[in-house]
Each structure stands twice: as structure tokens, then as C-alpha cells.
Amino acid sequence: MTLIADLVSLHQVDSQARALRSRLEGAQRHKAIQERQGAQLQTRMDEVRAQIRHHQSTAANHEAESGSVDSRIESLRQQLNASTNPRQYSAILAEMKTLQSKRDEIDELALAQMQKAEELQTKLTEIEQQAAERAKVVDVAKAEFETCRSEVAERLASLEQERAAAAARVPRSELDAFTRAADLYEGEAMAELVTIDLRRREYVCGACNMEVPAEKYASLASNPNVAVTCTSCQRILFLPQVAATHS
Ligand SMILES: [Zn+2]
């Protein structure tokens, strides 16, 4: 086989292997994104749960404080009932009123904390639902990735072997040029040299459509063992009949 024919063979297996790899990487990326979003929801749930616990414990502290103020009010009420001295009576009554309004304030605070906890509980329920939905999506993405991997793995392994064999037939410098172009154009390392007008010697690169000098056509047509690249896009050029005999 000529160098160009070897390059065309290499291109065929290389582009198939690249397509399979990118399909596998796509499935893996999708899985990773879903897992990351799942983990973010988990973190959010942990945060909201911690906030709820904080508000509940603050509310419990307020309630305990309210209870102790209540006990104090109750003991004042007994003193009040037992009091016979009008001045002492009104002093106790005034203190009771002060304590009652203090207790009401504390009760308000406790209530506000409980309301916050309840609002957060509603929010938590929403996030939990989102997380449950996301968990299903993650499971699907995982299964898809596994399916893709098992489908692709065997085919990819044999393509890699074919690719290595095809690459071994191509000299180092041409192989480097091929790999550079393949990396640049997602596997499309080769381009057909298209004849626009044979008589006027007009040729273009089939990939980038830029003009290719007639000398490059002449070189390729006369010696298929010298690789010719498109001046514009650097893809390796081939003549259509080479592809036709090897596809
Ligand atoms: Zn080109």
C-alpha cells in the first residue's frame, strides 16, 4: 500500500475509535454532572437540617426561659394573695406585670423560632423531593454509562489494536502530522483534495474549502508516498480514488 492509502486506513480506524471514546466520555460526563448536582442537593439538605435544629433548640431555650419566668410569676401570685400590706401588694403586682410582659416577649421569640423552623421544614421537603428526582436521574445516568462502557469496550479495544497496526505502517513525521490534525479536528485528520476545474488547474481542500496550489495536486497524483497537507487547515490531503479503493 502507498503512504496515502495507509493514512486513509489509519484515518478510518482512528476516527471510529475517537467517536467511540467521545461517546463514552459523553456518558461519563453526563453521569458526573448528575452526581455533582445530587451531591449539591445533599449538601443543601444537610445545611437546611442544621438550620432547623438550630431554630428548634433556640425555641426550646426560649420556652425553658419562659417557664422559669412563669414559675417566678406563680410564686409572686402566692405572695400577692398572702399580702396584707397595700404597698407591698402593689409592688408585687408591678413586678408581676413586668415579668408577664417579659414572658410574652420570650414567648414571641420562641414562636418566631418555631415559625422559621417550620418554613425551613417546607423548604427541606421541596429539596428532598428534588434530591429524590435527581437520585433517579443519577441511577439512569449510571446505568447508561455502564451500558455504553460494556458496548463500547470490546469494539474500542479491537479498534485500538487496528489503529496501532495502521499507525505502525506510517512513518513518524507523517504520523505526527496526522495526530496533530486529528486532535485539532476531532479525528478528521484527512481531507479530500477536490478538483474544481482540471483544465484551469483549480483545486480546493474538501474540508476547509480553501484553495490548494496545483503543485500539491501534481505531487499527490504523481507520488502517493509523499504526504501533502492543506496549507490552510493542515489536514492531510488524499485524492478521491484512494478513499474509494479502501473504504
Ligand atoms: Zn484545508
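Quick note: structure is the one above.
Report on the accompanying structure. (Residues numbered from 1 in each chain as written. Predicted model: local features only at pLDDT ≥ 70, side-chain atom pairs only at ≥ 80, totals over all residues. Heavy atoms only, no water.)

Attention now moves to the sheet that holds strand S3 (residues 211-212). Pairing is mixed across the open sheet formed by 4 strands, whose spatial order is S3-S2-S1-S4. Across the chains shown, the open sheet's two edge strands, defined by having one partner strand only, are S3 and strand S4 (236-238). Sheet topology note: the strand S1 (residues 190-197)/S4 ladder contains 3 bridges and is parallel. Looking at the pairing, Glu 192 lines up with Phe 238 of S4. (Pairing = 2+ DSSP bridges. Helix = DSSP H or I, 4+ residues; strand = E, 2+ residues; numbered from the N terminus.)

In the structure, helix H2 (residues 86-168) departs most strongly from a straight axis at Ala 153, where the bend amounts to approximately 35°. Here H2 starts with a cap whose side-chain oxygen sits 2.8 Å from the backbone nitrogen of Arg 87, and that cap is Asn 85. (Bend = angle between axes of the 7 residues up to and from the residue. Polar contact = N/O pair within 3.5 Å; in protein donor to acceptor, adjacent residues only side chain to side chain.)

Among the nonpolar cores identified, the biggest contains 39 residues, and Leu 7, Leu 10, Phe 178 and Leu 237 are the most heavily contacted of them. At the level of elements, helix H1 (3-82), H2, helix H3 (172-184), S1, strand S2 (202-205), helix H4 (214-222) and S4 are the ones that each hand at least two residues to this core. Of the residues forming this core, the biggest block, 10 residues, is contributed by H1. Taken domain by domain, this core gets at least three of its residues from each of domain 1 (3-168) and domain 2 (172-246). Once residues lying within four places of it in the same chain are set aside, the contact partners of Phe 178 are Leu 7, Leu 10, His 11, Asp 14, Arg 163, Ala 189, Met 190 and Ile 236. Ranked by size, the runner-up nonpolar core spans 9 residues in total, among them Leu 41, Met 45, Ile 52 and Ala 117. (Core = buried A, V, L, I, M, F, W, Y, C linked by side-chain atoms within 4.5 Å. Buried < 20%, exposed > 50% of the residue type's maximum accessible area, 1.4 Å probe, protein only. Domains from an automatic or database assignment. Contact = heavy atoms within 4.5 Å.)

For the rest of this paragraph, the subject is the pairing of S1. Where S1 lies against S2, 4 bridges are found, and the strand directions are antiparallel. Pairing of Leu 193 across the sheet is with Cys 205, part of S2. Hairpin connection from S1 to S2: 4 residues lie between these consecutive antiparallel strands, with Arg 201 at a positive phi of about 55°.

The geometry of two aromatic rings is summed up by the distance between their centres and the angle between their planes. Per the counting criterion, the structure on display carries 1 aromatic pair. Taking the centre distance of 4.2 Å and the plane angle of 5° together, the rings of Tyr 203 and Tyr 217 count as stacked. Within this pair, whereas Tyr 203 is found in strand S2, its partner Tyr 217 is found in helix H4, the two being separated by 14 residues in sequence. Judged by relative accessible area, Tyr 203 falls into the buried class, the value being 3%. The ring centre of Tyr 185 lies 3.6 Å from the NZ or CZ of Arg 235, which sits over that ring. (Phe/Tyr/Trp six-rings, centres within 6.5 Å; stacked < 30°, edge-to-face > 60°. Lys NZ or Arg CZ within 6 Å of the ring centre and 35° of its normal.)

We now examine unusual backbone geometry. Positive phi is not limited to glycine here, since Asn 209 has a value of about 65°. As for its position among the elements, Asn 209 is in the loop between S2 and S3. Assessed through its relative accessible area of 57%, Asn 209 is described here as exposed.

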